[in-house]
Every structure is written in structure tokens, then in C-alpha cells.
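Spelled out from the first residue to the last, the chains are:
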Amino acid sequence: MNMRRVIFVLLDGLSARSGQSCMGYLESLRETGRAFGGVVRCELPALSRPLYHCLITGKRPAESGLVHNTCWQAEPAQNCFHLACAQGRITAAAAYYWFRELVNVHPFAPERERVTADPALPIQHGLFYSSDAYPDAQVLLDAQSLLTAHAPDLLLVHSLGIDHAGHLHGHDSPGYRNAAREADMLLARHMPGWLEQGYQLMITSDHGMSADKLHNGNSPEEREVPVWLVGDAFRPDAPRAPEQVEWCGTLCEVMGIEAHGKAFCREVLR
Ligand SMILES: [Zn+2]
């Protein structure tokens, strides 16, 4: 199996419609056959914490029991960080502190746990932020410093700027769309270097956003999220995108993690 390295970029709260209309760099990769681009319906409820868990474990919220944002205890399930560590791979994350709680230790104490460096934890190297208004530009720099220092095999880059703008301004607003444009411009600065280093990039969102400045429900704006897959592991002309329940398994396949036991999307893989 090919032991590839993966960067998982989670653009929190980005709807498919805004992704397709505002992400000029990512769409340029799709248009020129350099990336796969597609859309999936997120699982329900369209909320962050249940869907973070779904993306990293392959378990639907209704199955895991993690069905709201104040819930952190789920049915025990291996996630992609556990699976990578079990095979001796290096893991890292620049992410909102909910990932630390879901994957490493609950609860989070920001005064002493912003920086994680512990090879015994599923996310071995972490820079966790705790403000919803933490700028995406800083998240990308946090990710870049983890990459430089640790050369992880699996790096999660989780930005919250688009979601934050959506809660302030709503889906159909310049504020929300411009947050998406800003995130795309940041990716255009960082991604070429990541690709040069041989990383496979898996980019998606947890959920979209409604015009009512909230998300949770079953409307297309809340549910339809974009997917971009960039790197030689992926087929740009694949007939469909990985569903959220296939994200963990597809990531494991790309990394060459054997016997992961998760559902995955064979169609997007070369
Ligand atoms: Zn949100």
C-alpha cells in the first residue's frame, strides 16, 4: 500500500453554493482537471460537533449518539487519528478546541492546553484555538508551523471564519461570501507548497448555513457542502464525492492504513 500523507482541510460552515461561487482557487483546480470537485449532503443534524465526529469516525450522529453541540460523549469509535497512530504515523491538528475534546481529552483548559505535544495522544501535535473569531490566516500559520516542525502524516487544518461570518450575517450576505473568498485566497497561498511536499489534500465542510444565521436543519443551504480532493491519489473525473460517513475510510485508504474497517469511496481513488 502507498504510505501517503494527508492534509484534511475543514472549512467550517461553508455551503456548497458559496463554495462553488466564491472559491476561485479551488474551482480553478477543478476546472483544469487538477482536482476533484463535488457536493455531498451532510448528515443530520447539521451541527459542528456531531459532524466533526462523523467525518473522523464514519459514524452518523444518530448512530453515535452525538447529536448536539454540548454533547461530547459518543459510542466508542476509532477515528482517523487513532488509526494513523496505531500504524506509527505522526498526527497533528490546527483546530478549534472541540477537536481536542472529541479526540484527545475532555474538557479543554485553554490556559494550559492550547499547545499539545504528546506522542501518547491521538492528536500528537496540536495548536488549539478557543475563540470563534480566531482569524483563518492564523489557523493557516498554525498549520504551517506544525507542518514545518513535525512533518505529520495526517494534519487537520480547521478554520472557523466562514461559520463565524455566517452566524453574524447569514447565508445570503456579503460578509459570509467574503469570508469564503478570504479562506480560498489563504488556501491559494499555502496549498501549492503542501502539494509540492507530496501531501494529498482533502477539503470539505461540516455543514452549510441558512439565511437565518444558524444551521441545524434539512434545507439545501444548511446541508449541501462542497468537497475538493487534490493530489495524485484522486481521480478528478470521479463520478461522486465521498459521503461524510466515508470521509474517514477514504482518508485511511489514501494514507495506506490497512484494516481500517471504515466505509470509503472507492470511486474517487486512482
Ligand atoms: Zn456554526
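As the structure is a computational prediction, the values presented were derived from the model and not from experiment.

**Student:** Mind showing me how you'd approach the overall build of the chain here?
**Tutor:** A count of helices and strands for the chain gives twelve helices and eight strands. Expressed as a percentage of its 270 residues, the buried residues of the chain come to 54%. Residue pairs at least 24 apart in sequence account for 67% of intrachain contacts in the chain once pairs closer than 6 positions are excluded.

**Student:** What is the right way to look at helix H10 (residues 174-196) in this model?
**Tutor:** Residue pairs three or four apart in sequence face the same way in an α-helix, which turns once every 3.6 residues. Over its 23 residues, H10 runs 33 Å from end to end, which matches the ideal 33 Å to within 8%, given 1.5 Å per residue. The axis of H10 is deflected most strongly, by about 35°, at His190, and proline Pro192 appears within four residues downstream. What H10 keeps buried is the set Tyr176, Arg177, Ala179, Ala180, Ala183, Asp184, Leu186, Leu187, Met191 and Trp194.

**Student:** I tried to follow helix H6 (residues 97-104) on my own but got confused; where do I start?
**Tutor:** The element H6 is extensively covered by neighbouring structure, given that six of its eight residues are classed as buried. For H6, the complete set of buried residues consists of Trp98, Phe99, Arg100, Leu102, Val103 and Asn104.

**Student:** Can you help me understand the packing of helix H8 (residues 136-150) against H10 in this one?
**Tutor:** In contact at an axis separation of 10 Å, H8 and H10 are set at 25° when each is read in the N-to-C sense. Taken together, the axes of H8 and H10 are roughly parallel relative to one another. When you trace H8 past H10, the crossing you get is right-handed. Judged by residue contacts, Asp136, Ala137, Leu140 and Gln144 of H8 engage Glu182, Ala183, Leu186 and His190 from H10.

**Student:** Hey, could you run me through the packing of helix H3 (residues 48-57) against H6 in this one?
**Tutor:** Each pair of packed helices can be summarised by the angle the axes make with each other and by the distance between the axes. Put simply, H3 and H6 touch, their axes get as near as 11 Å, and they point 50° apart. Taken together, H3 and H6 sit at an angle that is classed as oblique. Between H3 and H6 lies a crossing whose hand is right-handed. Contacts between H3 and H6 involve Ser48, Arg49, Tyr52 and His53 from the former and Trp98, Phe99 and Leu102 from the latter. Classifying every residue of the contact of H3 with H6 gives four nonpolar, two polar and one charged.

Calculation rules
- Residues numbered from 1 in each chain as written.
- Predicted model: local features only at pLDDT ≥ 70, side-chain atom pairs only at ≥ 80, totals over all residues.
- Helix = DSSP H or I, 4+ residues; strand = E, 2+ residues; numbered from the N terminus.
- Buried ≥ 20, exposed ≤ 12 C-beta atoms within 10 Å, placed from the backbone.
- Contact = placed C-beta atoms within 7 Å.
- Expected span 1.5 Å × (residues − 1).
- Bend = angle between axes of the 7 residues up to and from the residue.
- Axes fitted to C-alpha atoms, helices over the stretch in contact; angles between N-to-C directions.
- Parallel < 35°, antiparallel > 145°, perpendicular 65-115°, else oblique.
- Left-handed = near helix turned anticlockwise from the far one by under 90°.
- Nonpolar A, V, L, I, M, F, W, Y, C, P; charged D, E, K, R; others polar.

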